[in-house]
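Each chain is listed here by its residues.
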Amino acid sequence: MIHSFEYFMPTRILFGEVKAAEVGKVVTNLGRKAILVTGKTAMKQLGITDQVTDSLKKEKIESIAFDQVEPNPTIETVNQGSKLARKENCDLVIGLGGGSALDAAKAIAVMISHEGNAKDFLGSNNVPGPIVPLVAIPSTSGTGSEVTRYAVLTDKSTKRKQAMRSQFIIPRIAVVDPQIMKSQSSYLTSCTGIDALTHAIEAYVSPKANSLSDLIAAKAISLAARYLRRAVWNGDDTEARGGMALASTLAGMAICQAGTGAAHGLGMSIGGIFNADHGTTVGILLPYVMEFNLATSLDKYAYIAFLMGQKTTSPTTREAALEAVRTVRDLIQDIDIPLTLGQLKVRIELAPEVAEDAKEQGATKNNPRKLTPQDIKELYQRAYG
Ligand code: NDP
Ligand code: MN
């Protein structure tokens, strides 16, 4: 049987040190006035916002800053950003920051180009057409949002996280500069790095995986296994920072094709209901989800153990697959990610509410082993500890 698939990755990726200071040159001819979308403090404090703005000025591109994006960005925030962009006649959007800033930039770019409220574009394929040029400069090595067709927003009124999914929101250009990521604390490096590994593993075992996404996911898994501990415990390790920057972009490319799975399905619900950190949540869930999926993904897990550096001498594929779960747990422990959800501000009594939301998440539906609402509840309870 021929396995048919489509591969679409339209982003021009510029990878390497000190690329942020060259953004002006990169975007020249793409627009006259940029809106620079960032979080509230980190990029400004580190002087990176100024670096980008100065490089734009050199190319005679005007810019205004929108620095109001909070972690787990809300619909209200992106509506506000798009109002500013429209008032200022911006024709270019530059997202600079973690996944939150990049996702907000995507939504703002959609709303510059199309009439409507951010809510109207959530869900699959609800962006009606192309958007203004969008440039993404990640500052965390985690989400891979710089190359994905997703933007995740939170509805504060209903406490729900929902993704906008559309090929039109894949950034035109990604500037991936590992230097910018050096300022991540150990803790931030852990949570964002485990998010990247979770993307790579979930894409690798996804029912939508194809030969190309597998290649990319496999590389991301081995990079994260090799470099995440080093990046966490020695933030100045340039090689490790570069390895994690590449791992997160590759993992983003993999999920853009293959999607994620139940760690992200439940992770989205928990993120919305408890405003919990995304990377920590999906990282905690990952080994529990891997155990749940074991029977559907034996061969792939066995290979994951190998990719993560285990010299497996396991007599059976099943043993080797279990080795992958153990290897992921060891990594999580080594980088100080909690082993249970109970250690976050998550409440066990809300299991039914979490399950109700998680069963509707696209990522849950894309999990290799199908989950009943009862399965979801039990997974949540197990991961709660
Ligand atoms: P955030 O973007 O939420 O950033 C978390 C914190 O880190 C912020 O307080 C930010 O500061 C700070 N920060 C960012 N970069 C640096 C740096 N270089 N040095 C110091 N501090 C820094 O974190 P993530 O990158 O983990 O993004 C998570 C979001 O991405 C979630 O909403 C998640 O749902 C989404 N996501 C999107 C995906 C996609 O494909 N679009 C995939 C996976 C997750 P400040 O507030 O000052 O900016
Ligand atoms: Mn994620």
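Now for a quick tour of the structure. The model shown is predicted, which means the values in this text are computed figures rather than measured ones. (Residues numbered from 1 in each chain as written. Chains lettered and ligands numbered in written order. Predicted model: local features only at pLDDT ≥ 70, side-chain atom pairs only at ≥ 80, totals over all residues. Heavy atoms only, no water.)

## Here's the deal with the packing of helix α12 (residues 298-307) against helix α13 (residues 317-334)
Helix-helix packing is characterised by the crossing angle of the two axes and by the distance between the axes. The condition is simple: To define axes, lines are fitted to C-alpha atoms, for helices over the stretch in contact only, and angles between the resulting N-to-C directions are given on a 0 to 180 degree scale. A run of H or I in DSSP becomes a helix once it reaches four residues, and a run of E becomes a strand once it reaches two; helices and strands are each numbered from the N terminus. Oblique is the label for any angle not under 35 degrees, not over 145, and not in the 65 to 115 range, which are roughly parallel, roughly antiparallel and roughly perpendicular in turn. With the far helix as reference, a near helix turned anticlockwise by less than a right angle produces a left-handed crossing, and one turned clockwise produces a right-handed crossing. Throughout, a contact is declared for two residues whenever any of their heavy atoms are within 4.5 Å. Note on residue classes: Ala, Val, Leu, Ile, Met, Phe, Trp, Tyr, Cys and Pro are nonpolar, Asp, Glu, Lys and Arg are charged, and everything else, Gly too, is polar.
The contact between α12 and α13 brings their axes to 7 Å, and the two run at 55°. Considering their axes alone, α12 and α13 lie oblique with respect to each other. In this structure, the crossing between α12 and α13 has a hand that is left-handed. Within the contact between the two elements, α12 uses Leu-298, Asp-299, Tyr-301, Ala-302, Ile-304 and Ala-305 and α13 uses Thr-317, Arg-318, Ala-320, Ala-321, Glu-323 and Ala-324. Split by residue class, the contact of α12 with α13 holds 8 nonpolar, 1 polar and 3 charged.

## A word on unusual backbone geometry
Glycine aside, a negative phi is what most residues show, and trans is what most peptide bonds show. Located in the positive-phi region is Asn-89, a residue other than glycine, with phi close to 55°. Tracing the backbone through its elements, the reader meets Asn-89 in the loop between α4 (75-87) and β4 (92-97). Positive phi outside glycine occurs at Asn-275, with the angle close to 50°. By secondary structure assignment, the location of Asn-275 is in the loop between α10 (262-274) and α11 (278-293).

## Observations regarding the coordination of the manganese ion (ligand 2)
The line we're drawing: For Na, K and Ca the donor cutoff is 3.2 Å, while for all other metals N, O and S atoms count as donors only within 2.8 Å; water does not appear among the atoms, so some sites may look incomplete. Exposed residues in this analysis have more than 50% of their type's maximum accessible area, buried residues have under 20%, and partly exposed residues fall in between, with area computed by a 1.4 Å probe over protein chains only.
Of the protein atoms, only Asp-195 (OD), His-199 (NE2), His-264 (NE2) and His-278 (NE2) coordinate the manganese ion (ligand 2), at distances of 2.1 to 2.2 Å. All donors of the manganese ion (ligand 2) belong to a single chain; written as a sequence motif, their spacing is D-x3-H-x64-H-x13-H. Of this pair, His-264 sits in helix α10 while His-278 sits in helix α11, and the two are 14 residues apart along the sequence. Take His-264: its relative accessible area is 5%, and that puts it in the buried class.

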